[in-house]
Amino acid sequence: MTERPPKLRIRGLCKAFGQKVVLEGIDLDVAAGSSIVVIGGSGSGKSVLIKCILGLIEADSGVIEIDGRNVLAMPRREREAVNEHIGMLFQGAALFDSLPVWENVCFGLIAKRRLARRDARARAVEILAQVGLGPEVADLSPAELSGGMQKRVGLARAIAARPDLVFFDEPTTGLDPIMGAIIDALIVEQVERLGATAFSITHDMASAQRIADTVAMIHKGRIVWQGPASAIRNSGNPYVDQFVRGSTEGPIKMEVRR
Amino acid sequence: MQAALNLLGGIGAGLFAVLSAAGRVVLFALSALGHCVSPPFYPRLLARQMIEIGYFSLPVVALTAIFSGMVLALQSYTGFARFSAEGAVATVVVLSITRELGPVLAGLMVAGRIGAAIAAEIGTMRVTDQIDALTTLSTNPMKYLVVPRLVAATVVLPLLVIVADILGVMGGFIVGVFKLEFNPGAYMQRSWEYLKFEDVFSGLVKAAVFGFVIALMGCFQGYHSKGGAQGVGAATTNAVVSASILILVFNYVITELFFAR
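Residues numbered from 1 in each chain as written. Chains lettered and ligands numbered in written order. Predicted model: local features only at pLDDT ≥ 70, side-chain atom pairs only at ≥ 80, totals over all residues.

A. Geometry of the overall build of chain A. Per the secondary structure count, chain A includes nine helices and ten strands. Taking 2.2 N^0.38 as the reference for a compact globule, 258 residues should give roughly 18 Å; the C-alpha atoms of chain A span a radius of gyration of 19 Å, in line with that estimate. Seen along its three principal axes, the alpha-carbon backbone of chain A occupies a region of about 55 × 40 × 40 Å. A total of 258 residues make up chain A; the buried ones form 44% of that total. Looking at chain A alone, contacts between residues at least 24 apart form 62% of all its contacts between residues at least 6 apart. (Helix = DSSP H or I, 4+ residues; strand = E, 2+ residues; numbered from the N terminus. Rg over C-alpha atoms; globule rule 2.2 N^0.38 Å. Buried ≥ 20, exposed ≤ 12 C-beta atoms within 10 Å, placed from the backbone. Contact = placed C-beta atoms within 7 Å.)

In structure tokens, the structure reads:
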């Protein structure tokens, strides 16, 4: 009997910008249906990692397999086909300013799944309801929404095409703690409903503990620890301990420019 | 000796930077042209851009053209009066407007209005991750953002120049007839007498090239902007300045191609 490959498998992923090495041989496995959260300080390489996986930045070397297929070796059209099964919630939601909320939510369905525009609005209202937004929001422009509502619309857009792999980039950044908890609960609920695999990056420990099955810590472009979310406060890893405590004492030296 | 070497080094680095930037623009343009001819196409976005670039630029282009025609008539009359050649005013106005002022002034006005708007919009989309969001939604940003703007500007600017030509000549006519007291029929006859098809056609070719250049520089600068609001501001300035300079450069090149003997 062959073992089922992980949903996402990363091996030896490297990325440098000029002389600055950002990712230095990342190895990571994400099991299908699980929720992994990558934690790490500012500048540790989290965002570059997620952008490399999504194909927004070209990796220098390494392997990224989704469902056992190396996406780095795929032609562009094949890669676009893979992306159709991926959802992404950006840090600032990244809603399209020029489109109303309903068109933002159904953008992928209209563009790639050929959903008729007359049906798209009704579909968008259904999806908005799943993230706790009423139909009155559908015709607003993104600029008319609060930060929390923008995140919800971003989440609605990310899950609209029923993806089986969803990425969350700092889902609670810029939100108050209550709204952050609400967004986290929505993420957990929607990922479970879809039966999807979730890959998140954050430096918000409360958020990480709410949405993660597994936590990995990245520091200076390397994964320095990976384990179950329940073990994060007793990891025994000095990097994780310092990060969880939010202490300035420890192996992580933050650059402070005065 | 060291100072001279430093100076040469600085000049070399500057030249290298300019050539490198020019190369990036050319590659961007080639990539955009490649995307122009392969599906998917976005006719709804193209129509929206044609309205934005063409219809909403009409007032500024019309006002510029009409006053330029009026000034040209007045200036050429006072100049030609010195050697009793007032009769050439109508011809000078119509040739200047159709060959040069119509396309160049419309181009510069649209560069200020549309080049800046394109760079600001695409630049903001870049720094707020909206362009990355397009990619994750399996939509090619070059096809979705760049191609409709390039095609719309290239098609619409000649139409704007036709309007500018008509209004510019009309401006000259108004000053010629109502202020300088030319006979209206004689003025119109002198206007058409020496006007050739290639005078108008060269202006329209210039307009199409200027439209392409304006949209290209706006898209290029916006697409590569970084660093938040400051970066978007710089992209906007660069788009307008580079498009304006390129308009003047291409104006000479196309004039040379059409009229050099």
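B. Expanded view of the nonpolar core. Counting residues in each nonpolar core, the largest one holds 147 residues, and the members touching the most others are Val105 and Met217 of chain A together with Leu150, Ala153, Val213, Ile214 and Cys219 of chain B. In terms of residues, this core owes the most to one element, helix 4 (residues 89-127) of chain B, which gives 19 residues. With sequence-adjacent residues up to four places away left out, Met217 of chain A is seen in contact with Ile39, Gly40, Ile223, Val224, Trp225, Tyr239, Val240 and Phe243 of chain A. (Core = buried A, V, L, I, M, F, W, Y, C linked by C-beta atoms within 7 Å.)

C. Just the sheet that holds strand 2 (residues 20-30) of chain A, in detail. All names here are of chain A. Within the open sheet, the four strands sit side by side as 2-1-4-5. Their pairing is antiparallel. The open sheet has two edge strands with one neighbour each: strand 2 and strand 5 (69-70). Relative to strand 4 (residues 61-66), strand 1 (residues 8-17) is paired through five bridges, and the arrangement is antiparallel. Its bridge partner lying in strand 4, Ile10 is registered against Ile64. (Pairing = 2+ DSSP bridges.)

D. Fine view of the domain arrangement of chain B. Residue and element names in this part refer to chain B. As assigned here, chain B comprises domain 1 (1-38) and domain 2 (42-259). Computed over C-alpha atoms, the centres of domain 1 and domain 2 are 26 Å apart. The partner domain 2 presents nine residues to the seven residues of domain 1 that form the contact. Residue classes in the side of domain 1 that touches domain 2 are distributed as five nonpolar, two polar and no charged. (Domains from an automatic or database assignment. Nonpolar A, V, L, I, M, F, W, Y, C, P; charged D, E, K, R; others polar.)

E. Fine view of the packing of helix 2 (residues 43-53) of chain B against helix 6 (residues 141-179) of chain B. All names here are of chain B. Direction vectors running N to C along helix 2 and helix 6 enclose 45 degrees, while the axes themselves pass 8 Å from each other. Between helix 2 and helix 6, the angle is such that the two are oblique. Note that helix 2 runs across helix 6; the crossing there is right-handed. Along its contact with helix 2, which presents Leu45, Leu46, Gln49, Met50 and Ile53, the element helix 6 presents Pro148, Arg149, Val151, Ala152, Ala153, Val155 and Val156. Here the residues of the contact of helix 2 with helix 6 sort into ten nonpolar, one polar and one charged. (Axes fitted to C-alpha atoms, helices over the stretch in contact; angles between N-to-C directions. Parallel < 35°, antiparallel > 145°, perpendicular 65-115°, else oblique. Left-handed = near helix turned anticlockwise from the far one by under 90°.)

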